[in-house]
Amino acid sequence: MKCIKKAISFVILTIFLFSTVSCGLVYIPNDEEKAFESILPKLFEALDRGDNVAIYELFSPAVREQSDNLQEQIAALISVYSGPTDKFDLEDVPMHGSEHIGNPGNWASADATIPVRSNNNYYFFIIDLMFEHYDEKQVGITQLEFYTADEMCAFRESDNQWIKRKGLYLHTEKKLGCEIRTIDSYPNRYTPTNHTINIEEVKEFLKTSSSFSEFVDRFGKANAKSSVVDYYYYELPAKNGEPQYLKVSEYNDVIHSITIVDDFKFIEMVWDKE
């Protein structure tokens, strides 16, 4: 009987907590970048704690009311993403904003794809965030799409387009059967080699040629290629235990630029044709 009472009490407490936050408003600065800077630490700290309620509270009250399975999806997200969140990048990712000025009132939102590293795993959070609205119930996360590295790589290789919708959605099923590395904030199919490229030799080569085919003849095929644009990646020696890559931008067999990047961001310009 005591066990039954405890179970009933737990259920009532859980319902009470969710009903309490369902009416609450999370503070979000009225600025695109500051809004993300404010909400992302809250999201990843809550994920690392396994705090369903705190994650639920980050969604807009309107989405909480309209989504039939938001709580179940949050529980599923926590079971897949157990943390810890070792690193995430906002500074180097593009944001896409939308806004309306006029009747019945002003509103503004933005979306961004946030790469995250947890141990040796990489994940991607596409977040659509309403940070200004004449109706406060609309403010908060309106859409969160969670991708494993394999799923995001497959998505980028496909013709599918991201669509706006309300709620939380998980993409965790696909396994591509090859090594996937996150380079410059995006996952890529990766072919490992038993050597790294020498940056000084690359600089010497560029003094006499900007031909990409000659570059390949000299340094071999790239370890990875972007599935979206003509970027080729060559592995460099790790620095302070962190991976680094040479990013070669090519078009019509002409090298346009070469930079150094790590898993998330630009590090250094090596050469620019301009």
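Described below are features of the structure shown in this document. (Residues numbered from 1 in each chain as written. Predicted model: local features only at pLDDT ≥ 70, side-chain atom pairs only at ≥ 80, totals over all residues. Heavy atoms only, no water.)

### Things to note about the overall build of the protein chain
Phase 1 of the analysis: The secondary structure content of the protein chain amounts to eight helices and 13 strands.
Phase 2 of the analysis: When the backbone C-alpha atoms are referred to their principal axes, the protein chain occupies close to 80 × 55 × 35 Å.
Phase 3 of the analysis: Across the 274 residues that make up the protein chain, the buried fraction comes to 46%.
Phase 4 of the analysis: Of the roughly 14900 Å² that the protein chain leaves accessible, carbon and sulfur atoms contribute 50%.
Phase 5 of the analysis: Here the protein chain contributes 27 positively and 44 negatively charged side chains, and the mean placements of these two sets differ by 6 Å. (Helix = DSSP H or I, 4+ residues; strand = E, 2+ residues; numbered from the N terminus. Buried < 20%, exposed > 50% of the residue type's maximum accessible area, 1.4 Å probe, protein only. Areas by Shrake-Rupley, 256 points an atom, 1.4 Å probe, with all protein chains shown as cover. Lys, Arg positive; Asp, Glu negative; His and termini not counted. Charge placed at Lys NZ, Arg CZ, Asp CG, Glu CD.)

### Some words on the nonpolar core
Phase 1 of the analysis: Ile114, Phe125 and Ile127 are the most contacted members of the largest nonpolar core, which has 39 residues in total.
Phase 2 of the analysis: Those elements giving two or more residues to this core turn out to be helix H2 (32-49), helix H3 (52-58), helix H5 (70-80), strand S3 (107-118), strand S4 (121-133) and strand S5 (140-148).
Phase 3 of the analysis: Sequence-distant contacts of Ile127, that is, excluding residues within four places in its chain, are made with Phe36, Leu40, Leu43, Ala110, Asp111, Ala112, Ile114, Ile141, Gln143 and Leu144.
Phase 4 of the analysis: Formed by 16 residues, the second largest nonpolar core is a distinct cluster that contains Phe205, Phe212, Tyr234 and Ile255. (Core = buried A, V, L, I, M, F, W, Y, C linked by side-chain atoms within 4.5 Å. Contact = heavy atoms within 4.5 Å.)

### Details of the sheet that holds strand S12 (residues 254-261)
Phase 1 of the analysis: Ordered by their spatial adjacency, five strands build an open sheet running S9-S10-S11-S12-S13, and the pairing between neighbours is antiparallel. If you trace the sheet from one side to the other, it starts and ends with strand S9 (224-225) and strand S13 (266-272), each paired once.
Phase 2 of the analysis: When S9 meets strand S10 (residues 231-239), the two strands line up antiparallel, connected through two bridges. Note on S10: the bridge partner recorded for Lys225 is Tyr232. (Pairing = 2+ DSSP bridges.)

### Remarks on the pairing of strand S2 (residues 95-100)
Phase 1 of the analysis: Relative to S3, S2 runs antiparallel, the two being bridged by six bridges. From the neighbouring strand, Met95 faces S3, where its bridge partner is Ala112.

### Quick notes on H2
Phase 1 of the analysis: Relative to the 26 Å expected for 18 residues at 1.5 Å per residue, H2 spans 26 Å between its end C-alpha atoms, a close match to the ideal helical length.
Phase 2 of the analysis: Among all positions in H2, only Ala35, Phe36, Ser38, Ile39, Leu40, Leu43, Phe44, Ala46 and Leu47 are buried.
Phase 3 of the analysis: If you check the start of H2, you find a side-chain oxygen 3.3 Å away from the backbone N of Glu33, and it comes from Asp31.
Phase 4 of the analysis: Positive phi appears at Gly50, one or two residues downstream of H2, with a value of about 70°. (Expected span 1.5 Å × (residues − 1). Polar contact = N/O pair within 3.5 Å; in protein donor to acceptor, adjacent residues only side chain to side chain.)

### Regarding the environment of Trp162
Phase 1 of the analysis: Along the polypeptide, Trp162 turns up in the loop between helix H6 (149-157) and strand S6 (167-171).
Phase 2 of the analysis: Its relative accessible area of 25% is what places Trp162 among the partly exposed residues.
Phase 3 of the analysis: Ignoring sequence-local partners within four residues, the contact set of Trp162 consists of Asp111, Ile126, Asp128, Gln143, Glu145 and Phe155.

### A few points about the pattern of salt bridges
Phase 1 of the analysis: Under the counting rule described, the total for this entry stands at 18 salt bridges.
Phase 2 of the analysis: Close ionic contact of Glu145 with Arg165 constitutes a salt bridge, the shortest N to O distance being 2.8 Å. Here Glu145, found in strand S5, pairs with Arg165, found in the loop between H6 and S6; they are 20 residues apart in sequence, far enough to count as distant.
Phase 3 of the analysis: Relative accessible area serves as the criterion here: at 2%, Glu145 is assigned to the buried category.
Phase 4 of the analysis: On the basis of relative accessibility, which here comes to 30%, the residue Arg165 falls in the partly exposed class.
Phase 5 of the analysis: Via salt bridges that share partners, Lys87, Arg117, Glu242, Asp262, Asp263 and Lys265 belong to a single interconnected network. (Salt bridge = Lys/Arg side-chain N within 4 Å of Asp/Glu carboxyl O.)

### With respect to the packing of aromatic side chains
Phase 1 of the analysis: For the structure on display, the rule yields 16 aromatic pairs.
Phase 2 of the analysis: Ring geometry for Tyr81 against Phe125: centres 5.8 Å apart, planes inclined by 85°, an arrangement best described as edge-to-face. Here Phe125 lies in strand S4 and Tyr81 lies in the loop between H5 and strand S1 (87-88), a separation of 44 residues in the sequence. Both residues of the pair, Tyr81 and Phe125, belong to the buried class.
Phase 3 of the analysis: Their ring planes at 35° and their centres at 4.5 Å tell us that Phe212 and Tyr232 sit as a pair that is tilted. Residue Phe212 is found in helix H8 (residues 212-219), and its partner Tyr232 is found in strand S10; the two are separated by 20 residues along the sequence.
Phase 4 of the analysis: A relative accessible area of 8% places Phe212 in the buried class.
Phase 5 of the analysis: One aromatic cluster in this structure is built from Phe44, Tyr81, Phe88, Tyr123, Phe125 and Phe146. (Phe/Tyr/Trp six-rings, centres within 6.5 Å; stacked < 30°, edge-to-face > 60°.)

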